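# Descriptive analysis of the structure
Each chain, written out:
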Amino acid sequence: MAFLEKNTPPACASESDRDVLRLKLSGDWVISTAAEAEALLDGFRKGPHQGVVLDVSAIGVLDTSGAWIIHRLQGALEFGGTRVKLCGLDEKRTVLFSELEKHHPPAFKPEKSRFSIVGMLEATGRQVVAIWHDLLAMLHIFGSLGMVLFTVLVQPKRLRGISVAVQFDRSCIGAVPIVALMSFLIGAIISQQGGFYLRQFGADLYVVDLAGILVLREIGVILTAIMVAGRSGSAFTAEIGAMRMREEVDALHVIGLSVTEVLVLPRILALMLALPILTFISDMASLVGSGLVAWIYLDIPPAAFLIRLREAITMETLMVGLVKAPFMALIVGLIACVEGLKVEGSADSLGRQTTMSVVKAIFLVIVVDGLFAIFFAAIGV
Amino acid sequence: MRQGMDAEDTGGRETAGDGAGVILSVKGVTVAFGSKVILDNLDLDVRRGEVLGFVGGSGTGKSVLMRAILGLTPRRSGKIEVFGHDLDRSTAAERKMVERRWGVLFQQGALFSSLTVKQNIQVPMREHLNLSPKLMDELAMLKLELVGLPQDAAGKFPSELSGGMIKRASLARALALDPDLVFLDEPTSGLDPIGAAAFDQLIANLRETLGLTVYMVTHDLDSLHSICDRIAVLGEKRVLVIGTIDDMMKNDHPWVVSYFRGERALRRI
C-alpha cells in the first residue's frame, strides 16, 4: 500500500502581518484533492491588505493541477493590483511554476445551448440541403453502377464472381432460417386473427384467400425486404464505413480500382439475387404457417386448404410479389452503400450512418411498395 | 546522479522499507497464444522516477508485455505488482486507484473518435473526479499546451489531426490525472526528428517537475541515448539485458551489438 496512500486534504491558514497577508498552504495539492483546493481558494478575499505572500513550503505533494490552482489565484490577485509573492519553493517546484507561467488557457466560457427559432429554421434548411445531397449521391452511385454493369456485360471477366458468391452466401443463405421462421409466424398470426373475425360470419374458409393473397402480394416481400435491410443493409454500411475510416477506400482509389466495381456491384448483385429467393421462401413458410393454424384452430384440413388456395390465387399473385423483390434489393443495397461511403473518421459517424441506412431503406421499401400497388392497380393486375 | 535524484523525485511520497522505489515489478510472467509462447518466465523491475526504455526486434512481444502489465492480455502465469499492488488480488476499488495513477499512450493514439481533443483529455477527470467545469477546462488546456499542441487543436476531432498531433493529444490524455507511471508505446515513431526531440525533452521535463516514472517502448536510438536512464532489451522470450546505455554499448550479445553498434546506430555519431 506504500504507493497508494491517501492524500491529506489541502489546507490554508492566513495570518495578517501589518499590511501583508500571509497564506500558509499545507496538505497535498494534487488532482484528487483539486476540488477541495479550488473551493478553498475560490472563497479567498484579501481584505484591505496591500500584498499577499503565498507560502507553499508546507505543501506535501504538489502536481500540475494543484500548482495551477495556486497560480490562478496569484494571477487573479495580481490582475487586481495586489503584490503577490510566492515563497517556499524548492528547485523542482520553481521549474513547475515557471512551466505553468508559459501557458495561458483562454478564459472559460460555459457552453450554452439556447432554444431559438432561427436555429430551428437553420437546422431544417440544413436537413433539406442534406436530403438533396443524398439524392445526388444516390444518383451518382446509381450512374456509376450502370457504367460498371455495362463494362461487365461487355467484359464478363470483370465481374467478381467470388465476391458476389461470398456476399450471396452471407445475405441469402445465412438469412434463410430467420426469414423462414419470421414468415411462418406471420402467416400463422394472419390466419388466426383473420379466422377469428371471419368465423363470426361463418366465412371460415375465406381465411385461405386472405392469407394467400395478402402474403404473396404484399407481406412476404415487404417483411423480407425489411429483414434484409436490417440484416444485410446494416452490414454493408458498417463494412464500407469501417473501410472508409481506415482509409481502405482511398487505397482502392489509389491502386486504380473503382469502388463501385469492387465494393458496391458485388453486394448489390448478390442482394438482387438473394431477395427474390428469400421472398419465395418467405411466401412458402407463411403459407405453411397459415395452413397449420387453419387446420388446428379453424378445422380446415390441409387438403381443403390447398384446394381453396388453388382457387384463390394464380401464378400472377405470386409473381406480383416476386417482381418487386429485385427493386427492393436495389434500394436497400444502394442506400447501404451510399451511407457507408458517407462515413467520416469517427465511430460516432459510423453508428449514425448505419442507423440512417436501415431507417431510410425500410422507409423507402414501404414507399416503393405503395408505388407498385398503384401501378398494379392501374394496369389491372 | 540519477540514483541520488530518485529519492527526491518521490516528491514527499516517500516509500518505506523493502524494495523501495520499485514502482512496477513483473515476476515470472508467461504469455502464450495457443501453443505459441511469446514471453516465457519474464522478470522486470521499474524503479520510481526513472525512464525505462524498452527495445526488441519487431514481433518479440514488447507491446504484448505492456498489454499484459495493463491487464489487457491474459497471461498464463506470473505476478505483476504495480505501486506494490498485486492486480490479480486487488479489489475493484484498489484497481481503480491504480488505474487513476497510471497513464497509457497507445501506439495508434486510441483517442475517442467521437470526442474532441479537449473532451478526450477531460474523460479521465470527468470519470474519476468531481471537478468544476471551469477547472477541468483550464487543466485540459494546460495539458494541451504542455504537450506542445496549439490551443485551436482543442476543438478538433481526432480524424482532423495529423499523426504527430494524435500522439501528443493522446499523451495529454495519458497525463490528464498527473499519473505517477506512464506507459508509452512508441511515442516518437512517425514524428519528424525535431518533433521527436521535443517529445523527448517534454518527457524529461515532466520527469523533472512531476517525478514521473516512464515505461517507454521505443525504437528511437536518440530517445534511448538522451532520456532513458535504463534500457531493457527483450529477446528470446525474456529480458535479455537491462542497464544503462553504456552497458548496452559494452554488451556483446549479437542482437544488442547490431542494434546499438550497428551501421545505422553508428552513423548517427
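If you're wondering where the values come from, they're calculated on a predicted model, not measured in any experiment.

### Considerations on the overall build of chain B
- Each helix and strand counted, chain B has eleven helices and ten strands in total.
- For 269 residues, the compact-globule estimate of 2.2 N^0.38 gives 18 Å, and chain B sits close to it at 18 Å.
- Taking the principal axes of its C-alpha atoms as reference, chain B extends roughly 55 × 45 × 45 Å.
- Looking at chain B as a whole, 44% of its 269 residues qualify as buried.
- Long-range pairs, those at least 24 residues apart, make up 66% of the contacts in chain B between residues at least 6 apart in sequence.

### Focus on the packing of helix α7 (residues 207-245) of chain A against helix α9 (residues 259-298) of chain A
All names here are of chain A.
- Direction vectors running N to C along α7 and α9 enclose 145°, while the axes themselves pass 7 Å from each other. When the axes of α7 and α9 are compared, the crossing they make is right-handed.
- Here the contact of α7 with α9 is built from residues that sort into 19 nonpolar, eight polar and two charged.

### Let's talk about the domain arrangement of chain A
- According to the domain assignment, chain A consists of domain 1 (8-101) and domain 2 (145-378).
- Put simply, the middle of domain 1 of chain A and the middle of domain 2 of chain A, counted by C-alpha atoms, are 69 Å apart.

### Observations concerning the interface of chain B and chain A
- Each side of the interface is counted separately: chain B has 35 residues, and chain A has 30 residues.
- Mapped by element, the contributors of at least two residues to the side of chain B that touches chain A are α5 (133-146) and α7 (193-210) of chain B.
- The element contributing the most residues to the side of chain B that touches chain A is α5(B), with nine residues.
- Its residues assigned to classes, the side of chain B that touches chain A comprises 15 nonpolar, 13 polar and seven charged.

### Let's talk about the UniProt feature "transmembrane region" (unreviewed entry) in chain A
Residue and element names in this part refer to chain A.
- As annotated by UniProt and renumbered to match this structure, "transmembrane region" (unreviewed entry) occupies residues 130-152, 172-190, 210-230, 251-278, 284-307, 319-341 and 361-379.
- Note that residues 130-152 is 100% helix and 0% strand, and that its end C-alpha atoms are spaced 32 Å apart.
- Between the first and last C-alpha atoms of residues 172-190 the distance is 25 Å; the span itself is 79% helix and 0% strand.

### Structural notes on the pairing of strand β8 (residues 213-217) of chain B
Residue and element names in this part refer to chain B.
- Counting buried residues along β8, five of its five residues qualify, which places the element largely inside the surrounding structure.
- Residue alternation in β8 divides its side chains into two sets, T213, Y215 and V217 and V214 and M216, and both sets are buried.
- With four bridges connecting them, strand β3 (residues 51-56) and β8 associate as parallel partners. Across the sheet, V51 pairs through a bridge with V214, a residue of β8.
- Of the pairings in the sheet, the one linking strand β7 (residues 181-185) to β8 comprises five bridges and is parallel in character. Across the sheet, the residue bridging to F183 is Y215, located in β8.
- In this fold, the crossover linking β7 to β8 by way of α7 has right-handed handedness.

About the cut-offs
- Residues numbered from 1 in each chain as written.
- Chains lettered and ligands numbered in written order.
- Predicted model: local features only at pLDDT ≥ 70, side-chain atom pairs only at ≥ 80, totals over all residues.
- Helix = DSSP H or I, 4+ residues; strand = E, 2+ residues; numbered from the N terminus.
- Rg over C-alpha atoms; globule rule 2.2 N^0.38 Å.
- Buried ≥ 20, exposed ≤ 12 C-beta atoms within 10 Å, placed from the backbone.
- Contact = placed C-beta atoms within 7 Å.
- Axes fitted to C-alpha atoms, helices over the stretch in contact; angles between N-to-C directions.
- Left-handed = near helix turned anticlockwise from the far one by under 90°.
- Nonpolar A, V, L, I, M, F, W, Y, C, P; charged D, E, K, R; others polar.
- Domains from an automatic or database assignment.
- UniProt positions renumbered as here; feature names shortened; annotations may be inferred.
- Pairing = 2+ DSSP bridges.
- Right-handed = clockwise from strand over helix to strand, strands pointing away.

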